[in-house]
Structure formats: structure tokens, C-alpha cells
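Given next are the chains, with one letter for each unit.
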Amino acid sequence: MRNSSISTMDRRGVMLVLSSPSGAGKSSIARQILSKNSEIELSVSVTTRAQRPSEIEGTHYHFIDHRRFAAMRDRNELLEWAEVHGNFYGTPRDPVEEALTAGRDVLFDIDWQGTRQLHEKMPEDLVRIFVLPPSISELKSRLERRAEDSDDVIAKRLTNAALEMEQWSEYDYVIINEKLEQSFERVQSILHAERMRRDRLIGMKMFVEGLLNEL
Ligand code: 5GP
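Rules behind the numbers
- Residues numbered from 1 in each chain as written.
- Predicted model: local features only at pLDDT ≥ 70, side-chain atom pairs only at ≥ 80, totals over all residues.
- Heavy atoms only, no water.
- Phe/Tyr/Trp six-rings, centres within 6.5 Å; stacked < 30°, edge-to-face > 60°.
- Helix = DSSP H or I, 4+ residues; strand = E, 2+ residues; numbered from the N terminus.
- Buried < 20%, exposed > 50% of the residue type's maximum accessible area, 1.4 Å probe, protein only.
- Lys NZ or Arg CZ within 6 Å of the ring centre and 35° of its normal.
- Core = buried A, V, L, I, M, F, W, Y, C linked by side-chain atoms within 4.5 Å.
- Near = heavy atom within 4 Å.
- Polar contact = N/O pair within 3.5 Å; in protein donor to acceptor, adjacent residues only side chain to side chain.
- Areas by Shrake-Rupley, 256 points an atom, 1.4 Å probe, with all protein chains shown as cover.

Draft legend 1. Local environment of the packing of aromatic side chains. Under the defined criterion, the tally for this structure stands at six aromatic pairs. Considering the side-chain rings of Tyr61 and Tyr89, the 5.8 Å spacing of their centres and the 55° angle between planes classify their relative orientation as tilted. Pair noted here: Tyr61 is in the loop between strand S3 (46-47) and strand S4 (62-63) and Tyr89 is in strand S6 (residues 87-92), with a separation of 28 residues, a long-range link. Taken individually, Tyr61 and Tyr89 each receive the classification buried, so the pair is uniform in this respect. Considering the side-chain rings of Phe69 and Phe88, the 5.6 Å spacing of their centres and the 40° angle between planes classify their relative orientation as tilted. Of the two residues, Phe69 sits in helix H2 (residues 66-74) while Phe88 sits in strand S6, which places them 19 residues apart along the sequence. The exposure classification of Phe69 matches that of Phe88, with both residues buried. One aromatic cluster is present, formed by Tyr61, Phe63 and Tyr89 through successive ring pairs. It is Lys36 that lies over the ring of Phe184; its NZ or CZ is 4.9 Å from the centre. Just above the ring of Trp81 sits the side chain of Arg73; from NZ or CZ to the centre is 5.1 Å.

Dropping the structure here:
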């Protein structure tokens, strides 16, 4: 019989969302998850935000102008979209649907507005994790350390942090990001457990039928 163990069993992919206020360290956690798991890929968003010096087109974002963003949105090519800190961000639909059907997991680094939209559309596939900073002073110093944004951009992000943090209770899991390694381990445990949920295991019914047939 083909799918004879849980590690090889056909399953539907997990949609793993990480949200946090800017500077809480969510992107570092995301990077580690992506580098340590071959079965998960990042959903690369489109955005109208200006590219930062360290960012690579197609790896961190697809940087597009407002006209193209509006066209994608109006053609229903975005699974969700939102305005965040005065820029538009959206998740291209096709890569996500392809990955899930092929049993691959998808990691989303998106805000609470987008997470809410995904929850309305695909609640069974979604696992929502909210990342909090250990303190506001830590949040501030992480934003300043990044040194890729101007002072007014940093100020705007701090002002928005309150609104973002108020959404924590809409998430399935909440992590306080004190130490990156510990936060990574926590997200990794959540991912492992969520992959094994009964309703994701497409091959389980057949496996149990096989067991019963052997009796
Ligand atoms: P940044 O400009 O720092 O890369 O991202 C700003 C915020 O936009 C972050 O909270 C990030 O999670 C969110 N974001 C990035 N891509 C998307 C997206 O496709 N949709 C939504 N709703 N938010 C996004």
C-alpha cells in the first residue's frame, strides 16, 4: 500500500500566517522556518512600497506600481490585499493554490487585515500565529537597528503598532519573541503538529481501511 506512514501520507498543505507589528522580529522567524523546512515556501506578496536596499525583487516582494496593483486586485488575482502604513500589499492567488493542492505548505508574512480575509475564505487551511515584542523599548530599538527606513517611516510604524497588537486575540497562537531561537522552535512545533491534523491527512481514510482489511 502506498501511503503507509504518516511522514509519507498525502496531505493538504498548511497556510501558516505570521503577523506582528513591524520590528517584532517576525521576518527573522520566517527566514529560519523557510531555511529549515523543505516542504514550506514563502508567499511572495506584491507591494507598492519602495524597495529597500537589502531587498530582492521576486524574493522579498514583487515591487509594482499602483496601476498594476489595482489591475491585479480588480481581476481577482489577489487572495487578499490591504493598505498597511500607507502602501498597498497583496497575496497573489495562483502560487498559493498550486502549493496547497500539491501538499506543500505556504508561509505568509501578512498583517491582520489580510489574515482576516484569508480566514473568511479558507478557515480550514489556515494556522494563525501572532508575534509580540517583549517590550515597546525593544520594538523601538529593533526598528531603529534595521536602519533602512527614514525617521518618519519608523514613527508611522510605531504609531500603527498599537492598532496591530490589538488584533492578537484573533490568532490561534501568540508568541512573545524574546529570543529568536526559542520563538523559532515554538513556530516549528506548531507547524509539525498542524501538519498532522486529521482533516489534512488525505490518505488516512485509505490507511485505516487497509488496516481493517488486514484483520
Ligand atoms: P514591510 O513594509 O515592513 O515589508 O511590511 C509591512 C507590513 O505589511 C507587515 O506587517 C507585513 O506583514 C504586511 N504585509 C506584507 N505583505 C502583505 C500582504 O500581501 N498582505 C497583507 N495584508 N499584508 C502584508
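Draft legend 2. Representation of the nonpolar core. Counting residues in hydrophobic clusters, the biggest one holds 36 residues, and the most contacted among them are Met15, Leu16, Leu18, Ile33, Phe108, Leu118 and Val187. Of all the secondary-structure elements, those providing two or more residues to this core are strand S1 (15-19), helix H1 (26-36), helix H3 (93-101), strand S7 (105-109), helix H4 (112-121), strand S8 (126-132), helix H6 (151-165) and helix H7 (180-195). Element by element, the count of residues in this core is highest for S8, at six residues.

Draft legend 3. Here's a closer look at unusual backbone geometry. Positive phi, close to 65°, is recorded for Asn76, a residue that is not glycine. Summarising the element assignment, Asn76 is placed in the loop between H2 and strand S5 (78-84). Positive phi, normally seen in glycine, also occurs at His85, with a value near 50°. Exposure remark for His85: the relative accessible area of 13% places this residue in the buried category.

Draft legend 4. Representation of the site of the ligand in the model. Neighbouring residues of the ligand: 18 residues in total, closest Ser45, Arg49, Tyr61, Tyr89 and Arg157. The separation between an oxygen atom of the ligand and a polar side-chain atom of Ser45 is 2.7 Å. Between Asp109 and the ligand, the recorded distance is 2.7 Å, taken from a side-chain N or O atom to an oxygen atom. Out of a free accessible area of 510 Å², the ligand has 96% covered by protein chains. Mapped by element, the contributors of at least two residues to the shell around the ligand are S5 and S6.

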